[in-house]
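A structural walkthrough
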Amino acid sequence: MRGKALFACALTVATVLTTLQPAQAHGLIGKRFLPATLATDDPFVADELALPTVSSIKVPGSGDGNRTWETDVSAEFSKRLSPDLGLSLLGTWKALNPDQGPSLTGFDNLEVTLKYVFFKDPEHETLVSAGVAWEVGGTGSKKVGSDSFDRVTPSLFFGKGFGDLPDSLEWFKPFALTGVFGYSLPIRVRTQTISIADDGSVDVARDLNPEIIKWGFSLQYSLQYLQSFVRDIGLPAPLNRMIPIVEFALQTPTDGKQAGHTTGTINPGIIWFGRYVQVGIEAQFPVNRATGKNVGVLAQLHFYLDDILPQVFTWTPFHGVLGPTQPR
Amino acid sequence: MRRLLAVTALLLAPSSAWAHAFPDHSEPRVGHTVEASPPAVRIWFDGRIEPVFSSLRVEDDGKRRVDKGDGRVNPDDGTLLEVGLPPLPPGKYRVFWSVVARDGHRTEGDFAFRVK
């Protein structure tokens, strides 16, 4: 029974934290530079590597009050297959430290994402893309709650800079908004769990694997945009390359016991971008008690591979070497 | 470990040649008002830029081009893009620039300034 309780705890933790999977891309649309966001995916495709992304937050257990510190360390490699088509691979290592019981560690399921940018409007700093993520069931460890079945999540992404506002609103021009709206579908509707109690009785549970709306957005204020295009306020380095940001990473199951109950975090933080890398750090505030009560932290080191070795990392099967990411 | 630290320091260190060339500062300053007509618009970038593929023009509020058409990358300073100006009457002007960094990145942008 203890093993079942631990499994249920890990499953709950994994479900609550599904939205915290990092996914990233950076790019230029018109004169707007949008960094890779930490908690939500953004609309660009790019050649880049997020290594590592570290998340640590305390989350509720499976209803018995046994809360768990979860620490995730992940890496994601993204590669353009054409100027507008990109593929990414995400791997995550998890450490679960419950208030009671032993700690658990292991890898989460591998996730593969294909994304295509189908609308670009440089003048209005706008782009929209569509993608599908495939969580490969069974590639992770069950003891940290990884599903044994696949999940497929078709998503829509957008990015919008507000540089086209009238000059009377010039202080708002450095703002940008990115967002994602996805629908996560489990390949298996129910998961059957069989457990044998100490007295020999057999318990069979058939848990529904819910369909989940995964949604989120980021609001950013680019100090580089302010300095370069709106008003030079004399910011020195490194402030002139910083982007204060707040991300909302949320999920809402559409069926099962938790249908309609949104969980997730609100993440205020800051991103600095340089020649080859960006670094970012955010606090993670749970949106409600179902998500948790403690503030977590999310940090990332991110490499722009298209800038580090463009001849190598921007090669594509059908379009040759694309070169560094260019304005759209 | 020492090698890892050295690579990390190299990647994070401020550089005079950013992959994307962004403006560092300009004369007149972005969004500011100057007391008299400036003799030129100068933009210093945070990396060296390609003279052949870099351009700069200045328009007045009626979208008429007002610069002297002699825009160039300064031969003594590969980070400086400049264009001469005739005496400008008071008003609002907008500067449009497009540059290619030495490693092939293209960036572009615009900003306004006022003459009092």
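Residues numbered from 1 in each chain as written. Chains lettered and ligands numbered in written order. Predicted model: local features only at pLDDT ≥ 70, side-chain atom pairs only at ≥ 80, totals over all residues. Heavy atoms only, no water.

**Here we look at unusual backbone geometry**
The line we're drawing: Numbering of helices and strands starts at the N terminus; helices are DSSP runs of H or I of at least 4 residues and strands are runs of E of at least 2.
Residue A:Pro238 follows A:Ala237 across a cis peptide bond; omega there is 5°. Structurally, A:Pro238 is set in the loop between α2 (223-230) and β14 (242-253). A cis amide bond links B:Glu27 with the next residue in sequence, B:Pro28, at an omega value of -10°. Tracing the chain through its elements places B:Pro28 in the loop between β1 (23-27) and β2 (33-34).

**Re the confidence of the model for chain B**
Residues and elements named next belong to chain B. How we decide: Note: pLDDT gives the predictor's confidence per residue, expressed from 0 to 100. Note on contacts: a residue pair qualifies if any of its non-hydrogen atoms lie within 4.5 Å across the two residues.
Counting all residues, the mean pLDDT for chain B is 86, and 83% of those residues have values of 70 or more. Every residue in residues 9-18 is under pLDDT 50, and counting partners more than four places away or in other chains gives 23 contacts. Quick note on the complex model: pTM equals 0.86, ipTM equals 0.84.

**Topic: the nonpolar core**
This is how it is decided: Here, the term nonpolar core denotes a set of buried Ala, Val, Leu, Ile, Met, Phe, Trp, Tyr and Cys residues that are joined through side-chain atoms within 4.5 Å. Relative accessibility under 20% of the residue-type maximum defines a buried residue, over 50% an exposed one, and the middle range a partly exposed one, all with a 1.4 Å probe and only protein chains included.
Counting 35 residues, the largest nonpolar core has B:Val41, B:Val58, B:Trp97 and B:Phe113 as its most contacted members. Looking at this core, the elements with two or more residues in it are α2 of chain A together with β3 (40-45), β4 (55-60), β6 (80-84), β7 (91-100) and β8 (106-115) of chain B. The element contributing the most residues to this core is α2(A), with five residues. Judged by nonpolar contacts, the second largest core, of seven residues, contains A:Phe44, A:Val45, A:Leu127 and A:Ala176.

**What to know about the sheet that holds β2(B)**
Residues and elements named next belong to chain B. Note the threshold: Two strands pair under a simple rule: DSSP has to find at least two bridges between them.
Ordered by their spatial adjacency, four strands build an open sheet running β2-β8-β7-β4, and the pairing between neighbours is mixed. The sheet is open, and its two edges are formed by β2 and β4, each paired on a single side. Pairing of β7 with β8 involves ten bridges; the strand directions are antiparallel. Within β8, the residue paired with Val-100 across the bridge is Arg-106.

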